[in-house]
Amino acid sequence: MTAHRSSRTSASALYDIPGPRARARHVGYGVATALALAALVAWVLHLLVDMGQFSSVKWRPFLYEGIQELLLRGLGNTLKAFALAAVLSLALGAVLAAGRLSEHAPVRWVSTLLVEFFRAMPVLVMIFFIFVALEVQPLPALVAGLTLYNGSVLAEVFRTGVTSVDRGQREAAYALGLRKTQVMVHVLVPQAVRAMLPTIISQLVVALKDTSLGFLITYQEFLHAGRLIAVNMDYTMPFIPVVIVVSAIYIGMCMLLSWFATWVARRERRSVKTEAVAVAPPEAGSTMPGAPGVR
Amino acid sequence: MNVLTDNFSLYGEGFLGTIRLTVYSSLLALALGVLMAAFRVAPVGALRSVGTVWVTVLRNTPLTLLFFAMLLGLPRFGVALPFELFAVLALGCYTSSFICEAVRSGINTVPVGQGEAARSLGMNFGQTLGAVVLPQAFRTVIPPIGSTLIALAKNSAIAGSFSVTELLSTYKTLNENGYSVLWSFLWIALGYLILTLAISALFHAMERRWGVAR
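Here, residues in each chain are numbered from 1, in the same order as that chain's written sequence. To label them, take the chains in the order written and letter them from A, then take the ligands in the order written and number them from 1. Totals for whole chains, interfaces and linings use all residues, but because this is a predicted model, local features are given only for residues with pLDDT of at least 70 and pairs of side-chain atoms are given and counted only at 80 or more. Hydrogens and water molecules were not included; the side-chain quantities draw on all heavy atoms of the structure.

Caption draft 1: Just the overall build of chain B, in detail. Helix and strand definitions here come from DSSP, where helices need a minimum of 4 consecutive H or I residues and strands a minimum of 2 consecutive E residues; each element is numbered from the N-terminal end. When helices and strands are counted, chain B shows nine helices and zero strands. Helices (α) and strands (β) of chain B occur, in sequence order from the N terminus, as α-α-α-α-α-α-α-α-α. Remark: exposure states derive from per-residue accessible area (1.4 Å probe, protein chains only) relative to the maximum for the residue type, with buried under 20%, exposed over 50%, and partly exposed in between. Within chain B, buried positions represent 51% of all 214 residues. Any two residues whose heavy atoms approach within 4.5 Å at even a single point are treated as in contact. Within chain B, counting contacts between residues at least 6 apart in sequence, those at least 24 apart form 78% of the total. Accessible surface for chain B amounts to roughly 9000 Å². Of this, 67% is attributable to carbon and sulfur atoms. Working convention for charge: Lys and Arg count positive, Asp and Glu count negative, and His plus the chain ends are omitted. For charged residues, the charge sits on one atom: NZ in Lys, CZ in Arg, CG in Asp, CD in Glu. Positive and negative side-chain charges in chain B, numbering 13 and 8 respectively, have mean positions lying 14 Å apart. The protein chains shown are the only cover counted for residues, whose accessible areas, like all others here, come from Shrake-Rupley with a 1.4 Å probe.

Written as structure tokens, this is what we have:
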């Protein structure tokens with residue numbers, strides 16, 4: 001109970017360092033919370049056991065090779081959509097960011113319009129539009145929708161990164177006689193990417209989470225595979241086991257990527273290379289789809 | 001063009017459904033989010049862990065998975081509630097984790113002296129947070145909360161695929177009645193644009209009225 005004394009000043013500014021009586025009271029609150037949570041968990045478990053969701057017959061399907069293959073194929077499809085969407089949206093983001101930073105006003109206007117429009121639309125509306133109106137296959141529809149949306153968000157991330165690089169860097173590069181493309185490629189972008197890498201990875205978490213939207217347009221991804229098993233009479237409809245397995249894997253993947261983003265951010269903040277120049281502080285962005293990654 | 005005039009009631013119903021979803025889930029998300037933020041800075045370790053787990057798990061859960069588990073799962077266990085309520089629960093819980101992070105970083109922007117002064121007046125944790133720190137934090141978190149709620153409005157489109165009446169799902173009926181897909185989607189897009197611009201305008205007004213830069 002003494003750990004919170006030092007670590008975060010602003011948090012511990014909210015309460016006095018607990019004395020013996022306060023500490024005893026806090027232990028009491030802690031025990032009460034733990035008991036309440038344990039009771040809740042026990043009640044849910046009891047309910048599920050009563051429904052027979054933990055009977056071996058509901059879990060046996062996961063031992064079947066066909067089921068394992070179905071799940072793995074679904075996971076593979078999810079990762080395929082994610083990889084395609086990630087690569088394409090990074091490319092689109094680079095193009096749109098270059099457009100928004102262009103010296104030619106019409107290029108700038110068009111890119112700004114595209115970025116603002118695709119960021120304002122719900123990603124699902126775009127996916128449905130591509131799927132229904134343009135009548136393409138589920139995978140290209142999903143990847144195109146994710147690319148348009150995440151590409152626009154990443155364009156803003158890249159642009160913020162480039163504009164946050166200390167202007168002395170740009171001026172020095174021009175003074176050395178570099179052309180504007182060379183200044184961008186050799187001086188500004190490397191420093192911008194270094195500062196923006198955590199935010200970029202956080203945006204990729206959004207893309208990974210949003211691949212599950214493919215479920216709604218009948219793309220045969222992970223959730224789709226889970227549903228096939230969950231509604232199958234032959235396997236006695238093991239809904240809860242499927243939800244447990246699928247969400248553990250999904251949340252695990254997203255958490256790994258999120259942790260990677262915070263790890264990169266911490267590492268970059270400590271790095272001497274970022275201390276030398278004024279760049280935006282590396283910070284993991286929000287993983288809320290639709291919320292801007294940059295604050 | 002006549003897609004809108006012919007189906008005004010259908011569009012209106014969908015639009016109202018989306019607004020209802022957005023408003024109710026926003027209220028739930030704000031309440032839960034502030035509560036969890038308070039948990040995360042509380043002096044009791046167990047409460048801090050509850051807040052951390054809540055945020056970490058929900059932030060890394062795909063919203064579709066949450067809808068899948070709640071709307072297809074709970075009815076099987078005899079929890080017979082209207083689908084709209086399930087959708088509000090899923091959206092509200094999911095968004096609350098992002099609200100919590102926004103509020104917590106807002107709490108961190110309030111100068112340490114404020115909390116210390118409150119404590120030196122003899123205020124306890126609840127009083128310090130509720131009467132001194134949160135009102136000041138509120139002023140800095142208006143913009144991030146605004147963008148989170150805009151995202152919530154856009155995410156509410158997922159509910160349409162789980163048989164909840166909302167704007168995006170109107171395209172199915174229009175499609176069956178043989179209306180042009182392009183035009184029906186245009187009006188749907190416009191509806192979402194109106195909603196998100198309205199939220200954005202509201203938060204801009206709040207920001208002008210109460211906001212401070214720190």
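Caption draft 2: Focus on the overall build of chain A. Looking only at helices and strands, chain A features twelve helices and zero strands. For chain A, the N- to C-terminal ordering of α and β elements is α-α-α-α-α-α-α-α-α-α-α-α. Within chain A, the proportion of its 295 residues that are buried is 46%. For chain A, long-range pairs separated by at least 24 residues make up 71% of all intrachain contacts whose partners lie at least 6 apart in sequence.

Caption draft 3: View of the UniProt feature "transmembrane region" (unreviewed entry) in chain B. Residues and elements named next belong to chain B. UniProt positions are given in the numbering used here, feature names are shortened, and annotations may be inferred rather than shown by experiment. Here, the residues flagged by UniProt with the feature "transmembrane region" (unreviewed entry) are residues 21-41, 53-72, 79-99 and 181-205. With 95% helix and 0% strand, residues 21-41 has its two end C-alpha atoms placed 30 Å apart. Along residues 181-205 one finds 100% helix and 0% strand; the C-alpha atoms at either end are 36 Å apart.

Caption draft 4: Spotlight on the interface of chain A and chain B. Residue-level contacts link 57 residues of chain A with 57 residues of chain B. Buried area: the sum, over both parts, of the accessible surface (1.4 Å probe) that disappears when the two are put together. Regarding the contact of chain A and chain B, the summed buried area is about 4900 Å², with carbon and sulfur atoms giving 74% of it. Among the residues of chain A in contact with chain B, Leu14, Phe239 and Met288 of chain A are the three that bury the most area, contributing 15% of the side total. Salt bridges, as used here, are contacts in which a Lys or Arg side-chain nitrogen is within 4 Å of a carboxyl oxygen on Asp or Glu. Taken together, the links from chain A to chain B amount to one salt bridge. As used in this structure description, the phrase polar contact means that two N or O atoms lie within 3.5 Å; if the pair is within protein, one of them must be able to donate a hydrogen and the other to accept it, and residues adjacent in sequence are counted only when both atoms belong to side chains. Where chain A meets chain B, there are six residue pairs in polar contact (both at pLDDT 80 or more). Those elements giving two or more residues to the side of chain A that touches chain B turn out to be α1 (9-12), α2 (20-50), α5 (105-120), α6 (123-132), α9 (180-210), α10 (222-230) and α11 (239-270) of chain A.

Caption draft 5: Molecular detail of the packing of helix α2 (residues 8-40) of chain B against helix α9 (residues 181-210) of chain B. Residues and elements named next belong to chain B. Think of each axis as a best-fit line through the C-alpha atoms, taken over the contacting stretch in the case of a helix, with angles from 0 to 180 degrees between the N-to-C directions. Viewed as axis vectors pointing N to C, α2 and α9 meet at an angle of 35°, and their least axial separation amounts to 11 Å. Relative to α9, α2 is oriented so that their crossing is right-handed. Residues Tyr11, Phe15, Thr18, Ile19 and Thr22 of α2 pack against Trp183, Ser184, Trp187, Ile188, Gly191, Tyr192, Ile194, Leu195 and Ile199 of α9. Note on convention: the crossing is left-handed when the near helix lies turned anticlockwise from the far helix by less than a right angle, right-handed when the turn is clockwise.

Caption draft 6: Representation of unusual backbone geometry. In the Ramachandran plot, Thr218 of chain A falls in the positive-phi region, its phi being about 60° despite a non-glycine side chain. Relative to the helices and strands, Thr218 of chain A is located in the loop between α9 and α10. For Ser163 of chain B, which is not glycine, the phi torsion reads 50° and is therefore positive. On the basis of relative accessibility, which here comes to 55%, the residue Ser163 of chain B falls in the exposed class.

Caption draft 7: Quick peek at the pattern of salt bridges. For the structure shown, the criterion picks out twelve salt bridges over all chains. For Arg119 of chain A, the salt bridge is made with Glu116 of chain A, and the minimal N-O distance between the two is 3.6 Å. Remark: Glu116 of chain A and Arg119 of chain A occur in helix α5; sequence separation between them is three residues, near one turn of the helix. For Glu116 of chain A, a relative accessible area of 37% puts it in the partly exposed group. Between Glu84 of chain B and Arg20 of chain B there is a salt bridge, with the nearest N and O atoms lying 3.0 Å from each other. Linking Glu84 of chain B in helix α5 (residues 83-109) with Arg20 of chain B in helix α2, this pair joins segments that are 64 residues apart in sequence. Beyond isolated ion pairs, a larger network of salt bridges with shared partners links Arg100, Glu116, Arg119, Glu156 and Arg159 of chain A.

Caption draft 8: Expanded view of the nonpolar core. Membership of the largest hydrophobic core comes to 119 residues, with the highest contact counts inside it found for Phe128 of chain A together with Phe67 and Leu168 of chain B. Viewed by domain, this core spans two of them, domain 1 (3-50) and domain 2 (56-276) of chain A, each represented by three or more residues. Those residues in contact with Leu168 of chain B that lie beyond four places of it in its chain are Leu124, Val125 and Phe128 of chain A together with Ala157, Phe185, Ile188 and Tyr192 of chain B. Note on terminology: a nonpolar core comprises buried Ala, Val, Leu, Ile, Met, Phe, Trp, Tyr and Cys residues joined through side-chain atoms within 4.5 Å. In this structure, Val115, Ala155, Val157 and Ile200 of chain A belong to the second largest nonpolar core, which totals nine residues. Boundary definitions for the domains trace back to an automatic or database domain assignment.

Caption draft 9: Just the confidence of the model for chain A, in detail. Residue and element names in this part refer to chain A. Per-residue pLDDT for chain A averages 85, and the proportion of residues at 70 or more is 89%. For every residue, the predictor reports its confidence as pLDDT, a number between 0 and 100. No element of chain A has a lower mean pLDDT than α1, at 50, and none a higher one than helix α7 (residues 138-164), at 93. Note on residues 1-11: pLDDT is under 50 here. Beyond four places in sequence and across chains, it has 17 contacts.

Caption draft 10: Layout of the UniProt feature "domain: ABC transmembrane type-1" (unreviewed entry) in chain B. The UniProt record marks residues 15-203 of chain B with the feature "domain: ABC transmembrane type-1" (unreviewed entry), using the residue numbering of this structure. For residues 15-203 of chain B, the end-to-end C-alpha separation is 21 Å, with 79% helix and 0% strand making up the annotated structure.

Caption draft 11: Structural context of the UniProt feature "transmembrane region" (unreviewed entry) in chain A. Residue and element names in this part refer to chain A. As recorded in UniProt, the sites labelled "transmembrane region" (unreviewed entry) are residues 27-49, 81-101, 113-134 and 239-265. The span residues 81-101 is 95% helix and 0% strand, and its two end C-alpha atoms sit 29 Å from each other. From the first C-alpha to the last, residues 239-265 spans 39 Å; its make-up is 100% helix and 0% strand.

Caption draft 12: Geometry of the packing of aromatic side chains. In this analysis, rings of Phe, Tyr and Trp, with Trp reduced to its six-membered ring, are considered paired at centre separations within 6.5 Å, and the interplanar angle assigns stacked below 30 degrees, edge-to-face beyond 60, and tilted for intermediate values. Counting across every chain of the model gives 16 aromatic pairs over all chains. Ring plane angle 45° and centroid distance 5.8 Å describe the contact between Trp59 of chain A and Phe62 of chain A, whose orientation is recorded as tilted. What links up through ring pairs into an aromatic cluster is the set Phe215 and Phe239 of chain A together with Phe67, Phe68 and Phe162 of chain B.

Caption draft 13: A look at the domain arrangement of chain A. Domains assigned within chain A are domain 1 (3-50) and domain 2 (56-276). Using C-alpha coordinates to define each centre, domain 1 of chain A is positioned 36 Å away from domain 2 of chain A.

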